Amino acid sequence: MVTFLGLIAITFFIGRVVPIDPVLAVVGDRAPPEVYAKAKQEMGLDDSLPVQFFNYVIDIFHGELGTSVSTLRPVVDDLIRVFPATLELSTLGIIIGVLVGVPMGVIAASKQGSWLDQIIRVVSLLGYSVPAFWLGLVGLSLFYAQLSWVAGPGRIDIYLDGIIPTVTGLMLVDTLIAGDWDIFKNAISHLILPASVLGFYSLAYIARMTRSFMLDQLNQEFVITARVKGLPEYIVIWRHAFKPIAVQLITVIGLSYAGLLEGSVMIETIFSWPGIGNYLTTALFNADMNAVLGATLVIGAVFIGINKLTDILYRILDPRAR
Amino acid sequence: MTQFLDWLRDETPTSRRQARWGGAFRLALALRKNHLAMAGLIIITTLILFAIFAPFIATHPAIQQDLQGRLSPPSFDHWMGTDELGRDIWSRIVYGSQITLFIVFLVAAIAAPIGLIAGAVAGYFGGWVDRIIMGITDIFLSMPKLILALSFVAALGPGIQNAVIAIAIATWPSYARIARAETLTIRNSEFIAAIQLQGASSTRIVFSHILPLCMSSMIVRVTLDMAGIILTAAGLGFLGLGAQPPLPEWGAMISSGRTFIFDQWWVATMPGLAIITVSLGFCFLGDGLRDVLDPKQGGR
């Protein structure tokens, strides 16, 4: 709660240091001084800063984030419309990251020091050094333009746009509800590349942490006991050593899921993905501060929410943390 | 020479200088065994040399246009091809190393001292000072870095200085956390109690006795963070919010090559490879330094 208020304070502060005069944006720069003063008063901008901040907080808790200058609609409505696209992208991204990253980490730990371990180490370091927008561009040029394995930018082919009624806003779910397999396949072929690029970044972190947790476990006495008993190696690793770290991994996965929100800003720009990241960057270029601050606030709030949720989940699942 | 090596290896140094040099020597020996760290060191040294000797290494001036030879593929004359204004990409990458180094060192020079002092002060004094400072860092840490930097740049206006300020604002809180954690372990040790009894002021204790001991974990963390700083700066440049044209900033170069990615792949690909190489270099070196400076974490 305190963190969330702090977050609001940051966006409020950014909104105030901005060199764009919000009054001028409304009345135009040729307005006479009386009109300007009146508008300023109506917008509440001649109150003292603490009063302005108080009003700002009240507005936010009423779900009021102002009107976007470029779409001329309430920012809240815009955000509700674009959020499912980001949710869909980052959820598939984290699924890919977990399905590939966890086994990679386990293998690296069980073969510590081998060439396989080295390769996995370099791959996960690449996750920290490859710019997301570059990987997206190269991926598009290779898998879409050269090989035509996947569909191009956007969520769906343009001639299919608007056929499926929006229920949840998640394209995969909506096409399933409508029962249209062809459009479902089309949506998947649009989604798979950006989700894989996004997944690569969570994969790097997940694999690294899995490896480190596994190394701790493999040196424990109960693992040695299991080996001495003559159990096959895969049972020792997956059933004895892996089980205790599964709970620790939840924290890691939660953190990287929240981190994908950040990655999605770049990826969505490259893939023209109509999500919150794309909305944020478009607003940046139109100097649409209400939209920028609204999107920042929502991303920050989701980020904080996921972290809290992970904490709670960890406490429920791990008896030692109770 | 052997005399000098013996002086370095001496188990019982007789002067402060000898102890310090000896420590550095042992560190260098340990680092030399770590292949990845050495690779990282070589990459970063090359980057610095490129930045210093750019006019001699580049084959063309960075902003010289040649509209007749625009978008030509890599050749003997243009090693990495030319961009949409016929500028030589290899030369622009070489000059771009100056911008990358400028950003990275400036961010580190702003964020590290602020974080270091804030963290040490919070850890040393404790109580409400600690609660306020750590409350602020918690708020900053609860935001994704890129989003924070993006909205600050949006407020301050695009440009390389503002990008540096925005990244520094987003980076310092994690340094404050580390400095605080280190300070907490040092604060109650006996040598600090001894200095307190001698009547040293709090300022003196924090600056000359606590901060130096936080340095090694700080250096590791800053080195590991360098890759992230480079990626954020390149991201801002790519979105058009960082360095402005015609500056040969790598992220902005990728952005200008975006339009031609399907037919003239080299325009966007080459600067990307430069970013990857340099970021990997910092990652390798940071990993190696951590293994050497903090044996507890070794091999992770």
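Residues numbered from 1 in each chain as written. Chains lettered and ligands numbered in written order. Predicted model: local features only at pLDDT ≥ 70, side-chain atom pairs only at ≥ 80, totals over all residues. Heavy atoms only, no water.

With that settled, consider the overall build of chain A. Summing up its helical and strand segments, chain A has 13 helices and zero strands in all. Principal-axis analysis of the C-alpha atoms gives chain A an extent of 90 × 50 × 35 Å. Expressed as a percentage of the 322 residues in chain A, the buried residues total 46%. Considering only contacts within chain A whose residues lie at least 6 apart along the sequence, 70% involve residues at least 24 apart. Surface accessibility of chain A: about 16,000 Å² in total, with carbon and sulfur atoms responsible for 65%. (Helix = DSSP H or I, 4+ residues; strand = E, 2+ residues; numbered from the N terminus. Buried < 20%, exposed > 50% of the residue type's maximum accessible area, 1.4 Å probe, protein only. Contact = heavy atoms within 4.5 Å. Areas by Shrake-Rupley, 256 points an atom, 1.4 Å probe, with all protein chains shown as cover.)

Chain B puts 44 residues into the contact, and the matching count from chain A is 46 residues. Surface buried jointly by chain B and chain A totals about 4,000 Å² across both partners, of which 77% is contributed by carbon and sulfur atoms. Where chain B touches chain A, the interface holds two salt bridges. A salt bridge links Arg208 of chain A to Asp287 of chain B; the shortest N-O distance between them is 3.1 Å. Counting across the chain B and chain A interface gives five residue pairs in polar contact (both at pLDDT 80 or more). When residues of the side of chain B that touches chain A are assigned to their parent elements, the largest contribution, 13 residues, is made by helix α12 (residues 266–293) of chain B. Of the residues belonging to the side of chain B that touches chain A, the class tally is 30 nonpolar, seven polar and seven charged. (Buried area = accessible area lost by both parts, 1.4 Å probe. Salt bridge = Lys/Arg side-chain N within 4 Å of Asp/Glu carboxyl O. Polar contact = N/O pair within 3.5 Å; in protein donor to acceptor, adjacent residues only side chain to side chain. Nonpolar A, V, L, I, M, F, W, Y, C, P; charged D, E, K, R; others polar.)

Residues and elements named next belong to chain B. For helix α3 (residues 35–52), spanning 18 residues, the distance from its first C-alpha to its last is 26 Å, which sits close to the expected 26 Å at 1.5 Å a residue. Residues Ala37, Gly40, Ile44, Leu47 and Ala51 constitute the buried set of α3. Buried residues of α3, seen end-on, are gathered within an arc of 85 degrees and therefore sit on one face of the element. The outward face of α3, more than 90 degrees from its buried face, is lined by the exposed residues His35, Ile42 and Ile52. Along its buried surface, α3 packs onto α2 (16–32), α4 (54–57), α5 (89–125), α11 (250–257) and α12. Its side-chain oxygen placed 3.4 Å from the backbone nitrogen of Leu36, Asn34 serves as the N-cap of α3. (Expected span 1.5 Å × (residues − 1). Arc of directions from axis to C-beta.)

This next bit is on the domain arrangement of chain A. Residue and element names in this part refer to chain A. Segmenting chain A into domains produces domain 1 (2–61) and domain 2 (93–321). Taken over C-alpha atoms, the centre of domain 1 sits 38 Å from the centre of domain 2. The interface of domain 1 with domain 2 comprises eleven residues on the first partner and eight residues on the second. For the pair domain 1 and domain 2, the two sides together bury roughly 770 Å², of which 91% comes from carbon and sulfur. Viewed at the interface, domain 2 and domain 1 are joined by zero salt bridges. (Domains from an automatic or database assignment.)

A few words on a nonpolar patch on the surface. The grouping of Ile48, Leu49, Ile52, Phe53 and Phe56 of chain B at the surface amounts to a nonpolar patch, some 510 Å² of accessible area in total. If one sorts the elements of the nonpolar patch by residue count, α3 of chain B sits on top with three residues. (Patch = residues over 30% accessible without salt bridge, like charges linked within 9 Å, V, L, I, M, F, W, Y side chains within 5 Å.)

Turning next to the environment of Tyr124 of chain B. Note that Tyr124 of chain B resides in helix α5. Sequence separation between Tyr124 of chain B and Leu106 of chain B is 18 residues; the distance between their C-alpha atoms is 27 Å.

In this section: the pattern of salt bridges. Once the charged atoms of two side chains with opposite charge are near each other, the side chains can pair. Evaluation of the coordinates by the stated rule reveals twelve salt bridges over all chains. In this structure, Asp83 of chain B engages Arg87 of chain B in a salt bridge whose closest nitrogen and oxygen atoms are separated by 3.0 Å. Here Arg92 of chain B ties to Asp83 of chain B by a salt bridge, and the two come within 3.8 Å at their closest N and O atoms. Residue classification places Arg92 of chain B among the buried positions, given a relative accessible area of 3%. Residue Asp83 of chain B is classed as buried on the basis of its relative accessible area of 4%. In this structure, a network of salt bridges that share partners links the residues Arg121 and Arg208 of chain A together with Asp287 and Arg290 of chain B.

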